[in-house]
Amino acid sequence: MQTQFQFPGARLTMSLSLRPFLALVLSGWLVAVAPGLTAGEETPPMPLAIHGALVYPVSGAPIRDGLVLVRDGKITYVGPAAGRMYTADHRVLRAAVVTPGLVDARGTVGVSGMLNQPQDQEQVERSAPLQPELRAIDAYNAKDELVAYVRARGVTTIHTGHGPGALVTGQTLVVKLLGRGSDADVLVPAAMIATTLGGDATTQEKGKSPGTPAKAVAMLRAELIKARDYADKRAKAADDKKPARDLRLEALARALDGSQPLLVSVDRSRDILAALRVAKEFNLKIVLEGCADAPDVLGEIKASGFPVILHPTMARSNQTRENLSMETAGRLKAAGIPFAIESGYESYVPKTRIVLFEAAVAAANGLGREAALAAITLDAARLLGVADRVGSLEVGKDGDVALYDGDPFEYTTRCVGVAINGQLFPAETAAP
Amino acid sequence: MISCLLRGPARAAVWVLAGLTVAAQAQDRAVAFRGAQIIPIEGAPIAQGVLVVQGGKIVAVGPVDSTPIPAGAEVREVAGKVLMPGLVDSHSHIGGGGGVGADGSGPIQPEVRAMDGFDVGDASVAKARAGGITTVNVMPGSGHLVSGQTLYLKLRNARTVDDVLILLPDGTPAGGLKMANGTNPRRDPPFPGTRGKSASLVRERFVAAQDYMAKVARAKDDPEKRPARDLALEELGEVLAGRRVVQHHTHRHDDIMTVLRLSKEFGFKVVLHHVSEGWKVAEEIAAAKVPCSIIFVDSPGGKLEARDLDVRIGAILEKAGVLVGFHTDDGITDSRLFLRSAGMAVRGGMSREGALAGVTLANAKILGLEARVGSLVAGKDADFIVLSGDPLSVYTHVEQTWVEGAKVFDRSLPQDHLRAVGGPGAGDPRRPHYCCFGDAWSLIAAANGDQ
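Bear in mind the structure is a predicted one, so any value in this text is a computation, not a measurement.

(A) Focus on the overall build of chain B. A count of helical and extended segments in chain B gives 13 helices and 18 strands. Across the 451 residues in chain B, those meeting the buried criterion constitute 59%. Of the roughly 17400 Å² of accessible surface on chain B, 54% is carried by carbon and sulfur atoms.

(B) View of the overall build of chain A. Counting secondary structure elements, chain A contains 12 helices and 16 strands. Relative to its 432 residues, chain A shows a buried fraction of 61%. Residue pairs in contact within chain A that sit at least 24 positions apart in sequence constitute 67% of those at least 6 positions apart.

(C) View of the interface of chain A and chain B. Counting from both sides, the interface comprises 48 residues of chain A and, opposite them, 45 residues of chain B. Interface area, chain A with chain B, both sides summed: about 4200 Å², of which 55% is carbon and sulfur. One can count 2 salt bridges joining chain A with chain B. A salt bridge links Glu428 of chain A to Arg347 of chain B, with the shortest nitrogen-to-oxygen separation between them at 2.7 Å. The tally of links between chain A and chain B comes to 25 residue pairs in polar contact (both at pLDDT 80 or more).

(D) Here's a closer look at helix 3 (residues 195-219) of chain B. All names here are of chain B. With 25 residues, helix 3 extends 37 Å between its outermost C-alpha atoms, agreeing within 8% with the 36 Å of an ideal straight helix rising 1.5 Å per residue. When we look at burial in helix 3, the residues that qualify are Ser198, Ala199, Leu201, Val202, Phe206, Ala209, Tyr212 and Ala219. Against strand 11 (177-180), helix 4 (231-240) and helix 5 (253-266) lie the buried residues of helix 3. Just beyond helix 3, the residue with positive phi is Lys220, at close to 45 degrees.

(E) Up close: the packing of helix 3 of chain B against helix 4 of chain B. Residue and element names in this part refer to chain B. At their nearest, the axes of helix 3 and helix 4 sit 8 Å apart, and the two run at 90 degrees to each other. Taken together, helix 3 and helix 4 sit at an angle that is classed as roughly perpendicular. Where helix 3 approaches helix 4, its residues Arg205, Phe206, Ala208, Ala209, Gln210, Tyr212 and Met213 are matched on the opposing element by Ala232, Leu233, Glu234, Leu236, Gly237, Val239 and Leu240. The residue inventory of the contact of helix 3 with helix 4, partitioned by class, reads 10 nonpolar, 2 polar and 2 charged.

(F) Structural view of the sheet that holds strand 18 (residues 406-410) of chain B. Residue and element names in this part refer to chain B. Sheet architecture is open: 5 strands sit in the order 2-6-16-17-18, paired in mixed fashion. The open sheet has two edge strands with one neighbour each: strand 2 (37-38) and strand 18. Pairing of strand 16 (residues 384-387) with strand 17 (residues 398-403), which is carried by 4 bridges, proceeds in the antiparallel orientation. Note that in strand 17 the partner of Ile385 across the bridge is Thr401.

(G) Quick peek at the nonpolar core. Membership of the largest hydrophobic core comes to 191 residues, with the highest contact counts inside it found for Phe409 of chain A together with Phe326 of chain B. The contact partners of Phe409 of chain A, leaving out residues within four places of it in the chain, are Leu356, Ala359, Ala360, Ala363, Arg369, Ala372, Leu373 and Ile376 of chain A together with Val394 and Tyr395 of chain B. Residues Val174, Ala380, Ala381 and Val390 of chain A belong to the second largest nonpolar core, which totals 16 residues.

(H) Representation of the pattern of salt bridges. All names here are of chain A. Evaluated as defined, the whole model comprises 51 salt bridges over all chains. Glu250 is the salt-bridge partner of Arg245, the closest N and O atoms lying 2.6 Å from each other. Under the relative-accessibility criterion, Arg245 is labelled exposed at 56%. Linking Arg321 and Asp267 is a salt bridge whose minimum nitrogen-to-oxygen distance equals 3.0 Å. Of the two residues, Arg321 sits in the loop between strand 12 (308-310) and helix 9 (328-335) while Asp267 sits in the loop between strand 10 (262-266) and helix 7 (269-282), which places them 54 residues apart along the sequence.

(I) Molecular detail of the packing of helix 9 of chain A against helix 10 (residues 355-367) of chain A. Residue and element names in this part refer to chain A. At their nearest, the axes of helix 9 and helix 10 sit 7 Å apart, and the two run at 60 degrees to each other. One element, helix 9, and the other, helix 10, form an angle in the oblique class. Both helix 9 and helix 10 take part in a crossing whose hand is right-handed. Counted together, Ala329, Gly330 and Lys333 of helix 9 and Ala362, Gly366 and Leu367 of helix 10 form the full contact between these two elements. Residue classes in the contact of helix 9 with helix 10 are distributed as 3 nonpolar, 2 polar and 1 charged.

(J) Focus on the packing of aromatic side chains. All names here are of chain B. All chains considered together, the criterion is met by 6 aromatic pairs over all chains. On the basis of an interplanar angle of 75 degrees and a centroid distance of 5.1 Å, the ring pair of Phe33 and Trp402 is categorised as edge-to-face. On the criterion of sequence distance, the pair formed by Phe33 in strand 1 (residues 31-34) and Trp402 in strand 17 is long-range, its members being 369 residues apart. Per residue, the accessibility class of Phe33 equals that of Trp402, and both read buried. On the numbers, 5.3 Å between centres and 85 degrees between planes, the contact of Phe296 with Phe326 is edge-to-face. Taken as a pair, Phe296 in the loop between strand 14 (292-294) and helix 7 (313-320) and Phe326 in strand 15 (residues 324-326) lie far apart in primary sequence, 30 residues in all. In this structure an aromatic cluster arises from ring pairing among Phe33, Phe384 and Trp402.

(K) Structural detail: the environment of Ile137 of chain A. Residues and elements named next belong to chain A. The topology assignment puts Ile137 in the loop between strand 5 (102-104) and helix 3 (145-151). Spatially, the C-alpha atom of Ile137 lies 7.2 Å from that of Asp183, the residues being 46 residues apart in sequence. Beyond its immediate chain neighbours, meaning those up to four positions away, Ile137 contacts Leu173, Ser182, Asp183 and Pro189.

(L) Up close: the sheet that holds strand 1 of chain B. Residues and elements named next belong to chain B. Judged by pairing direction, the sheet is mixed, and its 4 strands sit side by side in the order 4-3-1-5 without closing on themselves. This sheet does not close on itself; its edge strands, each paired only once, are strand 4 (57-63) and strand 5 (74-77). Geometrically, the sheet is characterised by an average inter-axis angle of 20 degrees between neighbouring strands, direction not taken into account.

(M) Local environment of unusual backbone geometry. The omega torsion across Ser209 of chain A and Pro210 of chain A is -5 degrees, close enough to zero to call that bond cis. If you trace the backbone, Pro210 of chain A turns up in the loop between strand 9 (193-196) and helix 5 (213-236). Pro350 of chain A follows Val349 of chain A through a cis peptide bond whose omega is -10 degrees. Note that Pro350 of chain A resides in the loop between strand 13 (339-341) and helix 10. With a phi angle near 50 degrees, Asp65 of chain A is a residue other than glycine that sits in the positive phi range. With respect to the helices, strands and loops of the structure, Asp65 of chain A is situated in strand 2 (residues 63-71). Phi at Glu404 of chain B takes a positive value of approximately 50 degrees, unusual for a residue other than glycine. Structurally, the position occupied by Glu404 of chain B is in the loop between strand 17 and strand 18.

(N) Structural context of the confidence of the model for chain B. All names here are of chain B. Residue-level pLDDT values for chain B average 90, and 88% of them are 70 or greater. Least confident of the elements in chain B is helix 12 (residues 432-436), whose mean pLDDT is 31; most confident is strand 16, at 99. Low pLDDT, under 50, characterises residues 1-26; the stretch is placed with 22 contacts to residues that sit more than four places away or in other chains.

(O) Summary view of the environment of Leu197 of chain A. All names here are of chain A. With respect to the element layout, Leu197 can be found in the loop between strand 9 and helix 5. Counting along the chain gives 20 residues from Leu197 to Val217, while the straight-line C-alpha distance between them is 7.1 Å. Excluding its chain neighbours within four sequence positions, the residues that come into contact with Leu197 are Leu167, Val217, Leu220, Val264, Ser265, Val266, Asp271, Ala274 and Ala275.

(P) Quick look at the environment of Ala387 of chain A. All names here are of chain A. Relative to the elements of secondary structure, Ala387 occurs in the loop between helix 12 (378-384) and strand 14 (401-404). In this structure, the C-alpha to C-alpha distance between Ala387 and Thr377, residues 10 residues apart in sequence, is 9.0 Å. Setting aside anything within four residues of it in sequence, one finds Ala387 in contact with Leu378, Ala381, Arg382 and Lys397.

(Q) Expanded view of helix 2 (residues 123-130) of chain B. Residues and elements named next belong to chain B. Most of helix 2 is tucked away, with 8 of its 8 residues classed as buried. The complete set of buried residues in helix 2 reads Ala123, Ser124, Val125, Ala126, Lys127, Ala128, Arg129 and Ala130. Considering only its buried residues, helix 2 is in contact with strand 8 (133-138), strand 17, strand 18 and helix 11 (414-421). Gly132 sits one or two positions beyond helix 2 and adopts a positive phi of about 90 degrees.

The rules behind each value
Residues numbered from 1 in each chain as written. Chains lettered and ligands numbered in written order. Predicted model: local features only at pLDDT ≥ 70, side-chain atom pairs only at ≥ 80, totals over all residues. Heavy atoms only, no water. Helix = DSSP H or I, 4+ residues; strand = E, 2+ residues; numbered from the N terminus. Buried < 20%, exposed > 50% of the residue type's maximum accessible area, 1.4 Å probe, protein only. Areas by Shrake-Rupley, 256 points an atom, 1.4 Å probe, with all protein chains shown as cover. Contact = heavy atoms within 4.5 Å. Buried area = accessible area lost by both parts, 1.4 Å probe. Salt bridge = Lys/Arg side-chain N within 4 Å of Asp/Glu carboxyl O. Polar contact = N/O pair within 3.5 Å; in protein donor to acceptor, adjacent residues only side chain to side chain. Expected span 1.5 Å × (residues − 1). Axes fitted to C-alpha atoms, helices over the stretch in contact; angles between N-to-C directions. Parallel < 35°, antiparallel > 145°, perpendicular 65-115°, else oblique. Nonpolar A, V, L, I, M, F, W, Y, C, P; charged D, E, K, R; others polar. Pairing = 2+ DSSP bridges. Core = buried A, V, L, I, M, F, W, Y, C linked by side-chain atoms within 4.5 Å. Left-handed = near helix turned anticlockwise from the far one by under 90°. Phe/Tyr/Trp six-rings, centres within 6.5 Å; stacked < 30°, edge-to-face > 60°. pLDDT = per-residue confidence, 0-100.

Structure below.
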């Protein structure tokens, strides 16, 4: 599979039919790859004509000598460049490879800030083990430097928010990396509820709970029962008998009715099975995250029908992830389990991983190039419920596009252009 | 199902025997690896080459059509593969991590030896072999101004730490001295609280070492006049005498300048490690003729000192004329993906040749081992790796790792494949099922009918 498509070099070979027309828009061509564009420079952005020697729509087969047109923030054409005319007001871009803007299925960018100092670490509030009422939209900093950093490598949408590391840390959101602010950029303000089971959910503090993985499950179950009772009473009781609003139980009630799934971070097979057990007991919709031991329990995961947001391929293989495998993504794919690849949460350096790089190593270790690209675009968008807007190059979808000067997964390839809603952002800086 | 499960142990037994055969061969008879592209690092790549090894050394390297293969040599056809020197990692924490260095009792502990804390059976050692690493500098951590003596190792097949040591002509194991500045060694007393205090504490100890060495010299052979033996000052004395190189953790540009200043004052040889802001003082580093061992991590930050790190650093230092090697800092980055550093360096604008030297010959020079390792040249140790393709490509795998003519990793063996990619059992090398019954990964594969 890996050799099915040979990526051409950065030089674009124009089809004959295109040449006369390109002469007409030559001035546009010359400014096309101007570096150093400033975010927000264009309002409204110029329409874009993006030529790719190879265009990956992801929703369909790769297109040689392809063209993507974007106008008013939306994709208006995806197909062969040959014979496709466009007006002279388009800004023309070209690259060896063009993909949808990447969708990071789970990270903490914008919440766990670049500096790793107390004032920029918002991912876990340690005052209580269960705090599902904490909203990501109140914590996300669109101006953190890591937002622009990952965007410069092609990431245009991220599922971020409260992190793993305590039983229930809070909520997550899905946001476009426009860098303006959480309200303006958000796609899904209350996406999931970040839950951790296993050793990472426990505390070592004397006299505090949960101190064991089993206690963590007991506490989560108790809280879900409370939330179910609360929701029942709120729904059925007469107005004067309704219990007072409780933000924490309200959030868990959304998990119970399926409108805001639990995102359960688990790595050990024991903890994966615990998550599935709780989901079954409460008829929950959950998303499994991490899953280093997934190869041990593939059958159980498959039978549950729940999707997996898989740990970064290059995650450190220690502690709960001591047995992680770079081949797990390929195994999930082969087993038919819906999954996406994440940048995850990092407590030290690198402060965030780049989901493109993680998918690359998975691609080279059994997943294959096209499935790896899907795991950070369309499959991630579907898992997050935003595939109507992002994740593939299709007419009507958002103008989120990433441009590369070669195979996006190669270490030596650079991202040379990024657009979100048709607006261009600075890509990776060029060599000195 | 049961019959499927039994296939695993049976296969494992065969692999074990195969492994013994290979080990026993090492290696009186010459072996010629023929037909691969050879990247010797010193000298241009050879499109179709032959590498001849014997007695643990490289005997010949050259094009297939002009390099004679000794009579009686075993010939292994490796057409389609790429051969390059075994990788040299100039900064790693494999083999037990925190156990190899100083404790919390004080900021300067040069007497602590990594050798006394290194665990050769740790899974990280086998993973480093899977990444193609054949020579490695195992370091104590960076939480001290001086955290102890480092160990330069050859990752031979090994039972004890003695099996992996590199012995100097005087019989002592090769290694450097780990030092650090900036925020990591700053703690509550007796550790320093500021940068100025950090440098001052280091200067005091080096002055004491100068006095100590002077007393030893004056005493000559008179035991009555010799000062009482001081292990710490003795090691700093080794550094002052140029017999031990300082391997210095440093990030910020001003901390880098402090290292250069101290190195000049006391005349010790030093290598700068991490050097996150080295691009800001590249000219000064070049002028001091001090090498750099740098790391590629995937985003800036994570600590204040790393906020300005940049993938272009290798290119900038190379352009300034600095000797540049790369390191894993394992577990900061994974030894199995060490070649990725070279790829990222090229992404940042470094030359392909410089990037490949950065994981081989440059690091050999940084460790003072370039006479033995770092390039495929006749007379050097037969340390090499067999790759499935271009060393800078993500799709390339390390297929075999050889140290001194003996194979130490073979991806085609299931237990080595497990080391290379991970999976059930990869995290702990000493689980009982692991030695005798094959790996859990292949059992699962067999049960699923995968193989």
